Every structure is written in structure tokens, then in C-alpha cells.
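Observations on the model geometry
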Amino acid sequence: MTSVVLSVPGSEASAERLRTRLGAEVGAAMVRHFPDGELYVRIDSPVAGRDVVLVCGLDRPADKILPFLFLAATARDLGARRVGLVAPYLSFMRQDSRFHPGEGITSTYFAGLVSGAVDWLVTVDPHLHRWSSLAEIYKIPTEVVRAAPAIADWVKQHVPSPVLIGPDAESEQWVAAVAERVGAPYQVLEKTRRGDRDVSVTPPDLARCDGHTPVLVDDIISTGRTMIETVHHLRGHGVREPICVGVHAVFAERAHDELLAAGAARVVTCNTIEHPSNRICVADALAEGVRARLGS
Ligand code: R5P
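Residues numbered from 1 in each chain as written. Predicted model: local features only at pLDDT ≥ 70, side-chain atom pairs only at ≥ 80, totals over all residues. Heavy atoms only, no water.

1. Let's talk about the site of the ligand
Taken together, 15 residues form the shell around the ligand, and within it Glu170, Asp218, Asp219, Thr223 and Thr226 come nearest. Within the side chain of Arg94, a nitrogen or oxygen atom sits 2.9 Å from an oxygen atom of the ligand. Taking Gly224, its main chain carries an N or O atom lying 2.8 Å from an oxygen atom of the ligand. For the ligand, whose accessible area on its own is 370 Å², the fraction buried by protein is 96%. (Near = heavy atom within 4 Å. Polar contact = N/O pair within 3.5 Å; in protein donor to acceptor, adjacent residues only side chain to side chain. Areas by Shrake-Rupley, 256 points an atom, 1.4 Å probe, with all protein chains shown as cover.)

2. Comments concerning the pattern of salt bridges
Oppositely charged side chains can pair when the atoms bearing their charge come close. Considering all chains together, one arrives at 20 salt bridges under this definition. Between Arg254 and Asp257 there is a salt bridge; the shortest N-O distance is 3.3 Å. According to the relative accessible area criterion, Asp257 is partly exposed, its value standing at 38%. Through salt bridges with shared partners, one network takes in Asp51, Arg81 and Arg82. (Salt bridge = Lys/Arg side-chain N within 4 Å of Asp/Glu carboxyl O. Buried < 20%, exposed > 50% of the residue type's maximum accessible area, 1.4 Å probe, protein only.)

3. Quick look at the sheet that holds strand β1 (residues 4-7)
One open sheet holds the 6 strands; their spatial order is β2-β1-β5-β6-β7-β8, and the pairing between them is parallel. Strands with a single pairing partner mark the edges of an open sheet, and in this sheet they are β2 (25-26) and β8 (142-145). Strand direction decides the pairing type here: β1 and β2, joined by 2 bridges, are parallel. Within β2, the residue paired with Val5 across the bridge is Val26. Across the sheet, helix α1 (residues 12-22) lies against β1, β2, β5 (51-55) and β6 (82-87), angled at about 170° from β1, the strand it touches most. (Pairing = 2+ DSSP bridges. Helix = DSSP H or I, 4+ residues; strand = E, 2+ residues; numbered from the N terminus. Contact = heavy atoms within 4.5 Å. Axes fitted to C-alpha atoms, helices over the stretch in contact; angles between N-to-C directions.)

4. Some remarks on the layout of surface pockets
Of the pockets and cavities examined, the largest pocket occupies roughly 1200 Å³. In terms of lining, the largest pocket is formed by 40 residues, of which the most central are Arg94, Gln95, Arg193, Asp196 and Ser222. Among the secondary structure elements, those contributing two or more residues to the lining of the largest pocket are β11 (191-193), β13 (213-220) and α6 (225-234). Considered class by class, the residues forming the lining of the largest pocket number 13 nonpolar, 12 polar and 15 charged. Inspection of the lining of the largest pocket shows a minimum of three residues originating in each of domain 1 (4-146 + 282-294) and domain 2 (148-271). Of the voids in this model, the second largest pocket is the one considered here, and its volume is about 170 Å³. Those elements that place two or more of their residues in the lining of the second largest pocket are β3 (29-33) and α2 (62-77). Here the lining of the second largest pocket gets 5 residues from one element, more than from any other, and that element is α2. Within the lining of the second largest pocket, the residues separate by chemical class into 7 nonpolar, 2 polar and 3 charged. (1 Å grid on protein atoms, 1.4 Å probe; cavity = no way out; pocket = protein on both sides within 12 Å on 5 of 7 lines; lining within 4 Å. Points joined across faces, edges and corners; volume = space filled by probe spheres on them. Nonpolar A, V, L, I, M, F, W, Y, C, P; charged D, E, K, R; others polar. Domains from an automatic or database assignment.)

5. Regarding the nonpolar core
Leu18, Val53, Val86, Ile151 and Val290 are the most contacted members of the largest nonpolar core, which totals 40 residues. Here this core gathers at least three residues from each of two domains, domain 1 (4-146 + 282-294) and domain 2 (148-271). If sequence neighbours within four positions are ignored, Val53 has contacts with Val4, Val5, Leu6, Leu18, Gly84, Val86, Trp120, Val290 and Leu294. Of all hydrophobic cores here, the second largest spans 34 residues; its members include Val8, Ala72, Phe110 and Val114. (Core = buried A, V, L, I, M, F, W, Y, C linked by side-chain atoms within 4.5 Å.)

6. Notes on the packing of helix α4 (residues 148-158) against helix α5 (residues 172-182)
To characterise two packed helices, one gives the angle between the axes of the helices and the distance between these axes. Close contact between α4 and α5 brings their axes to 9 Å; oriented N to C, the two are set at 50°. The orientation of α4 with respect to α5, classified from their angle, is oblique. The handedness of the crossing between α4 and α5 comes out as right-handed. Where α4 abuts α5, its residues Ala148, Pro149, Ile151, Ala152, Val155 and Lys156 lie against Ala177, Val178, Arg181 and Val182. Of the residues in the contact of α4 with α5, the class split is 8 nonpolar, no polar and 2 charged. (Parallel < 35°, antiparallel > 145°, perpendicular 65-115°, else oblique. Left-handed = near helix turned anticlockwise from the far one by under 90°.)

7. A few points about the domain arrangement of the protein
Segmentation of the protein into domains returns domain 1 (4-146 + 282-294) and domain 2 (148-271). Computed over C-alpha atoms, the centres of domain 1 and domain 2 are 28 Å apart. Each side of the interface is counted separately: domain 1 has 14 residues, and domain 2 has 16 residues. Of the roughly 1300 Å² buried between domain 1 and domain 2 on both sides combined, carbon and sulfur atoms contribute 50%. At the surface where domain 1 touches domain 2, the tally comes to 8 residue pairs in polar contact (both at pLDDT 80 or more). (Buried area = accessible area lost by both parts, 1.4 Å probe.)

This is the structure in C-alpha cells:
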């Protein structure tokens, strides 16, 4: 039977891109607030015996988690065969350790919540740093979709003679994969984060940027400080204006504008989070990941 794609409010565009690629049915559901702030949830499409694909972008997660959990529980309660979560951006992954006494390791707690709510998870480039794979914390089958091929295609089409730059050790996994596909050199810098907005990054090797367009690649742009610090190193040294590429356009507050103001020639992101900077579509790759789960 055809699977049903249901969107958690706010993820409609992403759900529709996926649905058309899967040839799945669009599911009808309602999530609304009662006057007292509690949630009303209803699924109008028949889901009994069917695969339900729940799409929920998890940036700014606080308002999305309860609708997601309630929709998943309702689908199961109505007899869905399996319920899967497609989270193009998977939040909480950066809190993967107790950095200070008393802190919660929320990546683990969130993984526990999701693992109890759905049968599988598909996401794009989760922030795997101290966790080496999602299987370390998720108890359900997971599929990780890579944005590198789509990013590499974009770089090849739009950037003459690029040199790829990863602003921190974690970014090597993304920057190396893109550089290999583009056939371009890359370098990885070292970052020290002392606070949410207090970041320093070691200077890039400017000699290796000579004659190239620097393309900074990172998984998440949040406050933008990581990218901004790297852009500052590049500006004013006769190097071409850098292009900033992020997989996930989290962009806290005015981060996007601040990054442009710092001297980025362009800021380009994948469409895992809807944002005006989205230029790189990962929907085909995401659909592949979902097919792999539905077919298993
Ligand atoms: C963490 O290491 C990630 O890969 C990113 O570098 C980080 O999330 C970027 O955050 P921000 O934009 O706040 O510097």
C-alpha cells in the first residue's frame, strides 16, 4: 500500500518535496492549540496498516517536539504499520558531552525520546563529533543522508578554482568529502569555543588560497561566529572574497546578515531548514534514504 507523508506544522515544504519524489500520498492532519495552550491532534487520512512518514525539521525544536510526538503516537494508535521520522535537521546533536558539571547530555535524552516514538529515522548530516554514529544513542534503525554530493555539484557549477576550508576539526568529514568530489584542495582549521558567541579559529594558510576562491564549508551555521571568525582571517590579505556554505541554515537571530557584513561574498545553504540562503537541494538524496528505510 502507498505510504502516507504527514508534515508536522512548519515542515510542509520539505514534506511536499519528499512526497513527490516518493510518489507517496499526502496525509491530512491537524495540530492546533486549545485556548489554554494544550495541543489538539487529529489525523484525517487512513493510516491503518500503512507506512507513515512523518516529516519534522527540528530546528528551533521546543515548539515542534510535542506535535511530532503526538502525531507519531496518534499514527501508531490508529494502526499504522510503521511510523518513521524524516528530520532533515536533527537537533541537540552538539550537546554530546557533559562540558560543565551538572549539564544534561541532551543528544542522548532526545535520542531516547525519538527512539520510543517512531520505528526509524532519516536525517541529513547529523553533527557526529563525540558520537561516532547515531547507533550509539538511537535505538532504532537510522539512515544518514550526505549533503556532500549536492554541495560539490553546486561548488563545481558556481565557483572557479575553489579551495575548500573547514573551520574546525569536526568539519573535516564534510569538507574532505566535498573537496574530493570537486577535485579541489582543502585545509582544516582549529576552533576554540569559549561560549555561545565567543569563538576563535586559527588562521588559514593564505599561501594555499592564492589564486583560489575560498569556500568555507561547515555542517551548521548557528550564531555564525565560526564562519565570521574564519572570514575575518581571509579578508584584507589579497585573497578572493570567501563563499560560505552550510548544510543546516540554523542562523540564530541576525547571524545571516552578520556573516554577509563580515565579508562573505555569498552565503549558501542546503534546504534542510527553509531559509532564503537555500540554493542546494538535498531532496533527492533524502528520498533515497527514505526509500531505503521503507524497503527494509
Ligand atoms: C560545531 O562544531 C559545528 O560543526 C559548527 O561549527 C557550529 O555549530 C557553528 O556554530 P556557530 O555558527 O554558532 O559558530
